[in-house]
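Take a look at the letters that make up each chain.
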Amino acid sequence: MSIQEKINQLRKELRQHNYNYYVLDTPTISDYDFDMLLKELQELEEKHPEFYDANSPTLRVGGEVTKNFNTVEHRYRMYSLDNSYSKEDLLDWEKRIHKLLDTDDVQYTCELKYDGASINITYENGQLVRAVTRGDGFQGDEVTTNIKTIKSVPLQLQGNYPKSFDIRGEIMLPLEGFQKMNEERVANGEDPYMNPRNTASGSLKLHDSAETAKRPLECYLYSIVTNDFSPIGGDAEGRGGIETQMQVLEKAREFGFKVPKHSRLVGSIDEILEYVAYWDVERSNLPYEIDGVVIKVNSLAQQEELGYTAKAPRWAMAYKFKAERVSTVLESISYQVGRTGAITPVANLQPVLLAGTTVKRASLHNADQIAKLDVRIGDTVYVEKGGEIIPKIVAVATEKREEGSQSTQYITHCPECNSELVRKEGEAQHYCVNDLECPPQIVGRIQHYISRKALDIEGLGGETVALLHKEGLITTYADLYDLKVEQIVPLERMAEKSAQNLVDGVEASKQVPFEKVLFGLGIRFVGATVAKKLAKHYKNIDTLMVATQEDLENVEEIGVKIAESVRAFFDEERNVAIINKLRSVGIQFEIEEKELASNVLEGKTFLFTGKLTQFTRDGAKQMVEDNGGKTISGVSSKLNYLVVGEKAGSKLKKAEALGTVIILSETEFLSLINE
Ligand SMILES: NC(=O)c1ccc[n+]([C@@H]2O[C@H](COP(=O)([O-])OP(=O)(O)OC[C@H]3O[C@@H](n4cnc5c(N)ncnc54)[C@H](O)[C@@H]3O)[C@@H](O)[C@H]2O)c1
Ligand SMILES: [Zn+2]
C-alpha cells in the first residue's frame, strides 16, 4: 500500500469511528485504540505534507450536527483537546509554550477530565437562553429543553454575572444513577446500556424532554467564554478583574453552577504528574467517570496570546489515563440461569488485577457475543472495565491461540434441570422454559419477591430462601406465609431469634403497598416503574387480572411486549392460585387512595394554557397539588412549567420569550407526575 493509500485508509477508518461514537453513541473500538490510530495518521501527515487535507480527522473536531434538532452556529467556536499519554509529551508541550510566550513564568490549572458529552450554554441577563451541543465545533444541535430538565443547571443565575456569556461543561451520568437505570432495564428484560458516557450523550438527543428528565443527568462546568467579563452594572471593562482560569471556576460557582472542587493550581510538569498519578488511582472513588485530567495555562492573557490550532487550544492539554485493559486466560465458561429462565454465559478467568481489584469473571452476554468474539476456552483474552458492574471481554488475542483449538459450542440444555433450551425469534438470550421444576428459577422468583424494591422482607436473605427450598419448605413465594418458627429453628445457621425475625418479617410484608407487591410477583418485563404505572391505572389486582391485551396496550408506556407478558402471567392457572393464596393471608392487592400523592413537584410552579384534552383545568390543578406543586396565574420569572393544550396563544409566546420556563405537553406533564 502506498503512503497516500495508507493515509486515506486511516482517514476513512477514523471518520467511521467518529460517526459511531458521536452520532450513534456506540463506539466499536476503545478510546485508546482510537487515539493511537489518530496519532499514526498525524505522524504520517507531518512527514508527508503533500497529502494535506483540511477535512482530515486530525484537523477537525470529530462530531457532527444531526438533522433532528435546530442547527445553531456557535458564537465562539468549540474546540477539542490535544492528547498526551506520557511525561515526554507534556515536556514537549511546555517547551512549545515557553517558546511562544517567550517566558518560563507559566502556571497551570489541573482539572478532571469529565467523561460525558460537551455542551455550550448561553446566558443573557442571568437567564438561560440556549443550550447547544458541540457538533462539528462551528455549529451544533440546539437541545435547550433537554438541558433545562437537568436540576443542577440554573435557569436563573445569582451573584454578579456578566450581561452575556457562554459557559461550557460536560453532561454526565453519575455511576449510581447509571447502574440504577441498568438494573431497571435488566429487571424489565431489556439489554443494559453500554457505558455512562454514551448514555449521557444519547439522553441529550432524545426528542421527548420528559424522557430526558427521568435520567439522573448532571452538568459540570469548566469554562466561561465572553468578550466582556464585567458584571452587569459594573464599570470595569474587558476581563472585569478576572485574570485566570482559577478565578473563572470560582466565578462560575458563585453564579450557581456546579463546578467540582478538585482543580489545583500548579507551577511545574512534576506537579502535574503528581496530580495525574493521584487521580489515576483516586478516580475509582469518584461518583462519576473521568478519562484523564485537563491541564490549562492559568493566565487568560497568556491563553489569548497562545491561541488555537485548527482543532484545539494551544494553551490546554489532556492527559489521558491508559485504558483499563488487561490480558488473561479464559479457563472455562459457565452458564447461569436467572429467575426468568434466561441463560447468561460467564467467563471464568485466570485471576488478574484490573483497576485495583482482582477479576476472576467477566460477562459474555449471550451466544451471539461469543460467536462474534469467537472466544474459545484456553484463549488469551483482553478484559476491560467500564461503568459496568462486571468487566467484559473485549477481544481475543488470536495470534496466541494454540493450534487445534475448538470453537465454543453454546449449550443446548439447561445446566440446572437439563431441559432443552429455547431461543425465541428476535431475542438474544436462550431460555430454560421449565420454570416449574428448574431450581434456580424457583428460588430466583422467591428471592425477587423478598427483595428490597418488592416485598422487602427483613430477616430473610437470598441464601436462606435457597435453603428453605432445598429443605422442601417452600416452592412458591406464597408458601412463605405458612412458615412456622419450629420448622425453621432446626435448619443450618438458624436459631430461635433468627427464626422469629424471619416469621415477623414475613408477617410485616402484609402491609407493603400494592405496587410493590405487583413488582414482587415477578412478571417478565414488569419492573418497578411499570408496576407502579399498572397499579395506578388499574387500582387493584382484580381489574388488572381481567384486562385484555388491547386494554393493557392502551395504558401509557405499556407496549405490546409488556402487555403480552402480563396477559400470559394471569392466564396461567397456577399463578391465579398463588394470588388467591396471597389474598387469603391478607396481602395488599389494591392501592390506597392517599398513596396517589407524591412530592415530585415540590417547590415547582405550574400554569395551564390552551384547550386541554387529557384532563380538565380543575383536575390538572388537583394533580399538581396532590404531588406537592403549586399552580400560579400568570407567566413570570416565578413560573417553572407551562403546560400547553391545543391552540395555546399569548401565554406560550411570553413563556418562550422568557426562556426560563419549561414547556410541557399534556402527555409530558402526566409522565412528570407519574415518574
Ligand atoms: N472509541 C471511538 O470510536 C472514538 C471515536 C471518536 C472519539 N473517541 C474519543 O474521543 C476523543 C476525542 O473526543 P474530543 O474531541 O471530544 O476530545 P476529548 O474528549 O479528548 O477532549 C475534549 C473534550 O473534553 C471535555 N472536557 C471534560 N472535562 C474538561 C475540562 N475540565 N476542561 C475542558 N474540557 C473538558 C470537553 O467536552 C471537550 O470537548 C478521542 O481522543 C477518543 O478518546 C473515541
Ligand atoms: Zn432449567
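Parameters and conventions
- Residues numbered from 1 in each chain as written.
- Chains lettered and ligands numbered in written order.
- Predicted model: local features only at pLDDT ≥ 70, side-chain atom pairs only at ≥ 80, totals over all residues.
- Helix = DSSP H or I, 4+ residues; strand = E, 2+ residues; numbered from the N terminus.
- Contact = placed C-beta atoms within 7 Å.
- Pairing = 2+ DSSP bridges.
- Axes fitted to C-alpha atoms, helices over the stretch in contact; angles between N-to-C directions.
- Parallel < 35°, antiparallel > 145°, perpendicular 65-115°, else oblique.
- Left-handed = near helix turned anticlockwise from the far one by under 90°.
- Nonpolar A, V, L, I, M, F, W, Y, C, P; charged D, E, K, R; others polar.
- Near = placed C-beta within 6 Å.
- Domains from an automatic or database assignment.
- Expected span 1.5 Å × (residues − 1).
- Buried ≥ 20, exposed ≤ 12 C-beta atoms within 10 Å, placed from the backbone.
- UniProt positions renumbered as here; feature names shortened; annotations may be inferred.
- Arc of directions from axis to C-beta.
- Core = buried A, V, L, I, M, F, W, Y, C linked by C-beta atoms within 7 Å.

Chemist: Pulling in residues and values, what's your account of the overall build of the chain?
Modeler: The secondary structure content of the chain amounts to 24 helices and 22 strands. Relative to all contacts within the chain whose residues are 6 or more apart in sequence, the contacts with residues 24 or more apart total 67%.

Chemist: Before we move on, could you go through the sheet that holds strand β20 (residues 630-631) and cite the residues and values that matter?
Modeler: Either a parallel or an antiparallel arrangement is found when strands of a sheet pair, and the pairing is made through backbone hydrogen bonds. Read across the open sheet, the 4 strands follow the order β20-β19-β21-β22; overall the sheet is parallel. Two strands in the sheet have a free side with no partner beyond their single neighbour: β20 and β22 (662-665). In the sheet, strand β19 (residues 605-609) pairs with strand β21 (residues 641-644) via 4 bridges, with the strands oriented parallel. Note on β21: the bridge partner recorded for F608 is V643. Set on the sheet, helix α23 (residues 650-658) makes contact with β19, β21 and β22; between it and β21 the angle comes to about 145°. Where helix α24 (residues 666-673) meets the sheet, its contacts fall on β21 and β22, and the angle it forms with β22 comes to roughly 100°.

Chemist: If you had to explain the sheet that holds strand β10 (residues 290-297) to someone new, which residues and values would you point to?
Modeler: Strand order in the open sheet formed by 5 strands is β2-β11-β10-β3-β9, with mixed pairing between adjacent strands. A strand with exactly one partner marks an edge of an open sheet, and here the two such strands are β2 (83-84) and β9 (264-266). Relative to β10, strand β3 (residues 108-114) runs antiparallel, the two sharing 7 bridges. Considered in β10, the bridge of L112 is made with V293.

Chemist: Now, about the packing of helix α12 (residues 439-450) against helix α13 (residues 462-470): what can you tell me, with residues and values included?
Modeler: For the pair α12 and α13, interaxial distance at closest approach is 9 Å and the crossing angle is 135°. Considering their axes alone, α12 and α13 lie oblique with respect to each other. Considering how the two elements wind past one another, α12 and α13 form a crossing that is right-handed. For the pair α12 and α13, the contacting residues are I442, V443, I446, Q447 and I450 in the first and G462, V465, A466 and H469 in the second. A class-by-class count of the residues in the contact of α12 with α13 yields 6 nonpolar, 3 polar and no charged.

Chemist: Report on the site of ligand 1, specifying residues and quantitative values.
Modeler: The environment of ligand 1 is made up of 24 residues, and the closest members are Y21, P27, D31, S80 and S118. If you list the elements that add at least two residues to the shell around ligand 1, you get α1 (3-23), α2 (31-47) and β3. A per-class count over the shell around ligand 1 returns 10 nonpolar, 8 polar and 6 charged. Of the residues that make up the shell around ligand 1, three or more belong to each of domain 1 (3-51) and domain 2 (71-320).

Chemist: Account for α12, naming residues and giving values.
Modeler: Relative to the 16 Å expected for 12 residues at 1.5 Å per residue, α12 spans 17 Å between its end C-alpha atoms, a close match to the ideal helical length. The element α12 is largely enclosed, with a buried count of 10 among its 12 residues. Those residues of α12 that are buried are in contact with β12 (325-337), α13 and α16 (514-520).

Chemist: Outline the UniProt feature "binding site: Zn(2+)" (unreviewed entry) in the chain, supporting the account with residue identities and numerical values.
Modeler: Look at the UniProt record and you will see "binding site: Zn(2+)" (unreviewed entry) annotated at C414, C417 and C438. Spatial clustering of the annotated residues is evident: they stretch over 25 residues in sequence, but the largest pairwise C-alpha distance comes to 8.6 Å. Among the secondary structure elements, C414 is positioned in the loop between β16 (392-396) and β17 (421-422). If we ignore the near neighbours within four places in the chain, the residues touching C414 are V337, S419, L421, C432, N434 and C438.

Chemist: Outline the packing of α1 against α2, listing residues and values.
Modeler: Between α1 and α2, the shortest axis-to-axis distance is 10 Å and the interhelical angle comes to 145°. α1 and α2 meet at a crossing whose hand is left-handed. Packed against α1, whose contacting residues are I3, K6, I7, L10, R11, E13, L14 and H17, the element α2 presents F34, L37, L38, E40, L41, L44 and E45 at the interface. Of the residues assigned to the contact of α1 with α2, the class counts are 9 nonpolar, 1 polar and 5 charged.

Chemist: How would you summarise helix α22 (residues 617-626) if you had to cite specific residues and measurements?
Modeler: Three- or four-residue spacings in an α-helix give side chains the same orientation, since the helix completes a turn every 3.6 residues. Listing the buried residues of α22 in full gives A620, M623 and V624. Down the axis of α22, the buried side of the element spans an arc of 100°, and every buried residue falls inside it. Seen from the buried face of α22, the exposed residues on the opposite side, beyond 90 degrees, are D618 and G619. Where α22 is buried, its residues contact β19, β20 and α24. Backbone geometry just after α22 places G628 at a positive phi near 90°.

Chemist: Describe the environment of Q447, naming the residues involved and giving the relevant values.
Modeler: By the element assignment, Q447 lies in helix α12. Expressed as a C-alpha distance, the spacing of Q447 and I457, which sit 10 residues apart in the sequence, is 9.9 Å. Those residues in contact with Q447, other than ones at most four positions away along the chain, are G462 and V465.

Chemist: Tell me about the pairing of strand β11 (residues 316-320), and please be specific about residues and values.
Modeler: Across a regular strand the side chains alternate sides, sitting on one face of the sheet and then on the other. Sheet topology places β2 next to β11; 2 bridges connect them, and they run parallel. Paired with S84 across the two strands is Y319, which belongs to β11. Sheet analysis places β10 next to β11, joined by 5 bridges and oriented antiparallel. Residue pairing in the sheet places V293 in a bridge with Y319 of β11.

Chemist: Residue-level account of the nonpolar core, with values.
Modeler: In this structure, I121, I167, I171, A252, V293 and I295 are the most contacted members of the largest nonpolar core, which totals 55 residues. Per-element tally for this core: the top contributor is β10, with 5 residues. Core analysis: the second largest hydrophobic core is formed by 49 residues, I474, A499, F519 and I523 among them.

Chemist: Let's hear about unusual backbone geometry: which residues, and what values?
Modeler: For N125, which is not glycine, the phi torsion reads 50° and is therefore positive. Here N125 shows up in the loop between β4 (117-124) and β5 (127-133). For N125, a count of 13 C-beta atoms within 10 Å gives the class partly exposed.

Chemist: Explain the environment of L436 to me, using residue names and the numbers behind them.
Modeler: One can find L436 in the loop between β18 (431-432) and α12. Take L436: there are 11 C-beta atoms within 10 Å of it, and that puts it in the exposed class. Between the C-alpha atoms of L436 and T476, which are 40 residues apart in sequence, the distance is 9.7 Å.

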